[in-house]
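Residues per chain, in single letters:
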Amino acid sequence: MRAIDQSGNPVSGVSVSITASPGSVVTPTGTLTTGGDGIAGLTSWTLRPASGDNTVIASSAGLAGSPITFTATGQVGPPTQLVKQSGDNLTGLVGATLGTPHVVRVADAGGNGVAGVTVNWAVGAGGGSVAPGTTVTDGNGLAQATRTLGGVAGNGTTIASANLSGGPASVSFAVTGAAAGPAQIVKVDGDTQTGEAGSTLPTALAVRVLDATSAPLQNVTVSWTTTDPTGSFPSGATSTTDATGLATATWRLGGTVGTQTAQAAVGGPAPAVFSATATPGPISPTLSTITASPGAIAAGVNPASVVVTVRDGAGSLVSGATVVLSADGPGIVTQPGSPTNASGVASGQFRGTISGPKVISATVNGVLLDQTATVHVDPGAPAVVTAETSQSFDVRFGQNVTPTPAVKVVDAFGNPTVGAPVTFSVASGATTLTPTVGTVAADATGVARLTNWLIRAVGTATLGTLNVHNQLVATVVQGATGSPINFAGTAQVKYSPDIANVTFLPDFNGGCSATGCHPNNGDLSYANIIASGWVIPGDSVTRTSTQNRLLAKISGATGHSGGTWPANVVTLFAAWVKQNAPPN
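Residues numbered from 1 in each chain as written. Predicted model: local features only at pLDDT ≥ 70, side-chain atom pairs only at ≥ 80, totals over all residues. Heavy atoms only, no water.

A. Representation of the nonpolar core in the model. Ranked by size, the top nonpolar core spans 34 residues in total, and within it Val407, Phe424, Trp453, Phe487 and Trp576 carry the most contacts. Beyond its immediate chain neighbours, meaning those up to four positions away, Trp576 contacts Val493, Lys494, Tyr495, Ile499, Tyr526, Val535, Ala581 and Pro582. (Core = buried A, V, L, I, M, F, W, Y, C linked by side-chain atoms within 4.5 Å. Buried < 20%, exposed > 50% of the residue type's maximum accessible area, 1.4 Å probe, protein only. Contact = heavy atoms within 4.5 Å.)

Given below as structure tokens:
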């Protein structure tokens, strides 16, 4: 497992909780901590002895992608064990074929049944025969044969043998031929009980062994077996009939939820078969799990699938359980449509609307699970753009606009769209941008801001209003409401120092006749220029000999000998007049 930040850099010191499926053993256990490379790893993982899937779940609250589930499938190993499954200590009439077969189980070192192993059957003692002479183990590793007793009363054996990975192996079944023997075995009590998987049923199993005349038989050995390898008989795998022909045994169910069977056999007649229903134990909040996939989703788009697997304290899958999901933040939780299935699984969904990590919890039959799943909701596509600063600026020539223009970009749910590209470009005016006609990525708050916007100095002014009304355009992703956004920067002109100190005024002062197209006595003070009608505040359009007389010079009026004004001077005066000829 590796923890990284939003830029992909490793993060150390992050706690990672490790949970292994029942039977699996991991080293180390509990909580791991990421190192300098952001990695937290196990030293070892030993699968449970039984074949099938094993899982290790690594989770860290608040991180996108958490939890992570690792799966390993345990395969059946080579055959190493040959054991008697059922059909031992059988008794029947001499010369008769026993109604209960001999059954062996071939297993690997972990006790898993191994299919496809050849088992040879032979009569060891007592005469008679066994059929078939050769069988092959089924998918559960089981193979069986039926013994026919010899014609002489007494004890005998049946031998089962197989070649295992470690060499030949054999087991011996005991049989007894009797002149008069059991003809019937009938159930008396203990059938069709219900109990928790792994528990001992409250009522003992009971059978009665009878002869051909239905008379009870005493001192007959009854063998008790169950098909679930994890089931057992605490009172013993065999019992002996009493004077009434009765034999009993206590039955502890195996760990598999559902129907289980047990049988009582004596040999001659067919065995008595009992059934029981194994129900799940109490929900285990520790062994039950919850996962969410994918671990990161876009706001309001595709949901994450939330899967809850319910187990009891023995690790058995629990079907029929009611699962209720909840989230610790805004979002839409879709509850499972039905209780847990035969695999103990119930599935729902989570769709987020507000960005950030959301922790999903599950309650099963009122029990809150220890484990949670985290879904990180990322912002959706840019949907709305707004101006974060004023869109209108008044700036002096040669100065920077402050604060620099900024826009905010959010998705349809108001989440800041981190990294959304915003392009700023100059539409008009003599200005300089940083970055120059470039793209700015929105920050963690969804704001994209220019580094710098400089209104150039008056010396670079051009004819008209290009250096007075500066237009800046911010464009976000096409289709976003509010895009593009326009920003206007107006260069403010002042009499001092922009007007009073321009170098052309002395030239102008000496370039007209005594009857004057300039202020009397060369007085270029603001008050005299206004009082003499050389400037009409607010009127930058009318340029006759009687209005805005300073601007009239460029029209070639009679008596002017100073030549045509430079374009930047015309722009400067026109802007100053239009801005109402401010005195300062």
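B. Structural view of the sheet that holds strand β16 (residues 184-189). Read across the open sheet, the three strands follow the order β16-β18-β21; overall the sheet is antiparallel. Each edge of the open sheet is held by one strand with a lone partner, namely β16 and β21 (246-249). Neighbour-to-neighbour, the strand axes of this sheet turn through a mean angle of 30 degrees, independent of strand direction. Relative to strand β18 (residues 205-210), β16 is paired through five bridges, and the arrangement is antiparallel. (Pairing = 2+ DSSP bridges. Helix = DSSP H or I, 4+ residues; strand = E, 2+ residues; numbered from the N terminus. Axes fitted to C-alpha atoms, helices over the stretch in contact; angles between N-to-C directions.)

C. Expanded view of the environment of Ser21. You can see Ser21 is positioned in the loop between β1 (15-20) and β2 (25-27). Residues Ser21 and Thr55, 34 residues apart in the sequence, show an inter-C-alpha distance of 5.3 Å. Those residues in contact with Ser21 that sit more than four places away from it in its chain are Asn54 and Thr55.

D. Molecular detail of unusual backbone geometry. A cis amide bond links Thr402 to the next residue, Pro403, at an omega of -5 degrees. Its place among the elements puts Pro403 in the loop between β34 (392-396) and β35 (406-410). The residue after Ser483, namely Pro484, is reached through a cis peptide bond having omega 0 degrees. Looking at the secondary structure, you find Pro484 in the loop between β41 (469-475) and β42 (485-492). Within the chain, Asn365 stands out as a residue other than glycine whose phi angle is a positive 50 degrees. Among the structural elements, Asn365 can be located in the loop between β30 (356-364) and β31 (367-368).

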